[in-house]
Amino acid sequence: MSLLVFHEARVFDGEQMLAGPRSVVVRDGRIERVVEPGELPEGLLAEARASGSLIQQPGATLLPGLIDLHLHLIWDGSDDPVRSLALETPEQTLLKGVGFAATTLRAGITTVRDLGSVHDQAIRLAEAVERGWIPGPRIIASGRSIVMTGGHDPFWGLAVDGPAEALKAVRTQLFAGARVIKVSATGGVYGRPSGESVDDVELLPDELRAIVEQAHRRGVKVSAHAIGQQGIQNSIDAGIDTIEHGHFLTPEQARAMAERGMALIPTLYVYQCLAESPNIPAYARAKAREVIDRHQQAFTDARAADVLIGAGSDAGSPETPHPALIEEIEALVNGGLTRAEALRAATADAARILDLGDEIGHVRPGYRADLVLVDGDPTSDLTALRRVRRVAQGGILRA
Ligand SMILES: [Zn+2]
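Not measured: the values here are computed from a predicted model. (Residues numbered from 1 in each chain as written. Predicted model: local features only at pLDDT ≥ 70, side-chain atom pairs only at ≥ 80, totals over all residues. Heavy atoms only, no water.)

Draft legend 1. View of the overall build of the protein. From N to C terminus, the protein includes 13 helices and 18 strands. For the protein, the C-alpha radius of gyration of 21 Å lies close to 21 Å, the compact-globule estimate for 399 residues. Over its C-alpha atoms, taken along the principal directions, the protein stretches across nearly 70 × 45 × 45 Å. Within the protein, the proportion of its 399 residues that are buried is 59%. Contacts in the protein between residues far apart in sequence, at least 24 positions, make up 68% of those at least 6 positions apart. Across the protein, the centroid of the 40 positively charged side chains sits 4 Å from that of the 53 negatively charged ones. (Helix = DSSP H or I, 4+ residues; strand = E, 2+ residues; numbered from the N terminus. Rg over C-alpha atoms; globule rule 2.2 N^0.38 Å. Buried < 20%, exposed > 50% of the residue type's maximum accessible area, 1.4 Å probe, protein only. Contact = heavy atoms within 4.5 Å. Lys, Arg positive; Asp, Glu negative; His and termini not counted. Charge placed at Lys NZ, Arg CZ, Asp CG, Glu CD.)

Right under this line is the structure:
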């Protein structure tokens, strides 16, 4: 019987900041109760104190462990992560990912979605965390993404042409252990130096439909890299679950997404990095600058239509070192969310997007005790998120 008591802490429960201080009792990996400090039985307090499992830190806030819905653990966030990969052996790349997984967990991020890795390495990282071999967040990984021949992110893409090959690729990834399927519906900003545009439609409607149909049949969601308008439309029509980036989303498309319960992971921060960093190749910086205002407009339209928004940092991408979720939460606030809404996008709403809304993302009785204690009140000052004091994963303290 393992016990952990966070005593007299502010609590952001995944939806909102609770009115007064609370004491949160964790037993055997789950949150047992969330009570006013005075309601905590004296005996329980004494038991926690005697066993060294009482955590009491004045001024601290307890939140659900943070969730990053879009990152790449085997990318190093340097100016050119693709070049880094080319200079490494696969073992070195994987070991680097082991380090980034630990860094991510220490930052209070207890669940991530990894949307692209060479040799399905993020799936191996996910297994290693699950088996307790390495410290890291729970990883929901796609491994290789599914792209058209010559499509966006070819270095970790499984190239397919036609619905039959698309179907085979989904089955291949599911067999490899993928818990999410990632596709490229359009070209990208940081793609090939020439011959790749964000407006390019890549996987075709019938290919996307074949992928979604097969993945959903197996209970797995599909995430689409989609920047240009037609690729976004194809993704909506095919029944994709989450749109990544979504720069050219129209108000009408936003309404369609909301109606179908689709989520947008805007990844605002990484495009600001691409647009601003002097280390980024000129062609990519120019493309990022061209689309950055459009990105903000799409985000505003998505909010107006009540599209479910999730926080995803794209950490590991060019000039976006691990971890970058706090920066993305800040970008979401700069883009128009309240601080509480942005925190929700990285906790309760993110859990909902993963279909784990009954398991994680909340500080409530019955939920898994993935928790982070930070110094300060992040609903009034986001820098509190950088002052991580404790991280619990399934009720076990990791930091
Ligand atoms: Zn990405």
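Let's pick the thread back up.
Draft legend 2. Spatial organisation of the sheet that holds strand S7 (residues 109-114). Taken together, the three strands give an open sheet; going across it, the order is S6-S7-S8, and neighbouring strands pair in parallel fashion. Bordering the open sheet on either side are strand S6 (66-71) and strand S8 (138-141), each of which pairs with just one other strand. Between one strand axis and the next, the sheet turns through 15° on average, direction left out of account. Of the strand pairs in this sheet, S6 and S7 are connected by four bridges, and their pairing is parallel. Its bridge partner being in S7, Ile67 is matched across the sheet by Thr111. (Pairing = 2+ DSSP bridges. Axes fitted to C-alpha atoms, helices over the stretch in contact; angles between N-to-C directions.)

Draft legend 3. The arrangement of the environment of Ile329 in detail. Here Ile329 shows up in helix H11 (residues 325-334). The spacing of Ile329 and Leu71 is 258 residues in sequence and 14 Å in space, taken between C-alpha atoms. Not counting chain neighbours up to four residues away, the residues in contact with Ile329 comprise Ala342, Ala346, Leu382 and Leu385.

Draft legend 4. Highlighting the layout of surface pockets. Volume-wise, the largest pocket comes out at about 510 Å³. Looking at the largest pocket, it is lined by 24 residues, and the ones nearest its centre are Arg138, Ile139, Ile140, Arg179 and Leu356. Its residues assigned to classes, the lining of the largest pocket comprises 11 nonpolar, five polar and eight charged. Empty space within the second largest pocket amounts to approximately 200 Å³. Taken together, Arg303, Asp306, Val307, Leu308, Ile309, Leu337, Glu341, Arg344, Ala345 and Asp349 make up the full set of residues lining the second largest pocket. Where the lining of the second largest pocket is concerned, the elements lending two or more residues are strand S15 (308-309) and helix H12 (339-345). Tallying contributions element by element places H12 first for the lining of the second largest pocket, with three residues. (1 Å grid on protein atoms, 1.4 Å probe; cavity = no way out; pocket = protein on both sides within 12 Å on 5 of 7 lines; lining within 4 Å. Points joined across faces, edges and corners; volume = space filled by probe spheres on them. Nonpolar A, V, L, I, M, F, W, Y, C, P; charged D, E, K, R; others polar.)

Draft legend 5. Structural detail: helix H6 (residues 205-217). The end-to-end C-alpha distance of H6 is 18 Å, a good match for the 18 Å that 13 residues give at a rise of 1.5 Å each. Residues of H6 that are buried in the fold lie against strand S9 (145-148), strand S10 (157-160), helix H5 (163-176), strand S11 (180-184), strand S12 (221-226) and helix H7 (229-238). Once H6 ends, the next one or two residues include Gly219, with phi positive near 75°. (Expected span 1.5 Å × (residues − 1).)

Draft legend 6. Spatial organisation of empty space enclosed by the protein. In the structure shown here, the tally under the stated rule is one cavity of 30 Å³ or more. Roughly 180 Å³ of volume is contained in the largest cavity. Looking at the largest cavity, it is lined by 17 residues, and the ones nearest its centre are Trp75, His152, Tyr271, Asp314 and Ser317. Considering every element that reaches the lining of the largest cavity, the biggest residue donor is helix H9 (residues 268-276), with three residues.

Draft legend 7. Here's a closer look at the side chain of Glu202. Residue position: Glu202 is located in the loop between S11 and H6. Glu202 has contacts with Met148, Gly151, His152, Ser184, Ala185, Thr186, Gly187 and Glu207, leaving out every residue within four places of it along the chain.

Draft legend 8. Looking closely at the side chain of Thr111. Assignment of secondary structure puts Thr111 in strand S7. With relative accessibility at 0%, the residue Thr111 sits in the buried group. Apart from residues no more than four positions distant in its own chain, Thr111 is found in contact with Leu66, Ile67, Asp68, Pro137, Arg138, Ile140, Leu354, Ile360 and Asp370.

Draft legend 9. Representation of unusual backbone geometry within the structure. Between His322 and the following residue, Pro323, the backbone shows a cis peptide bond with an omega angle of -15°. Looking at the secondary structure, you find Pro323 in the loop between S15 and H11. Unusually for a residue other than glycine, His119 sits at a positive phi of about 55°. Here His119 shows up in the loop between S7 and helix H4 (121-130). Overall, the relative accessible area of 55% leaves His119 in the exposed class. If you check the backbone angles, Asp306 has positive phi at about 65° while not being a glycine.

Spatial relationships are all this shows, so hold off on functional conclusions.
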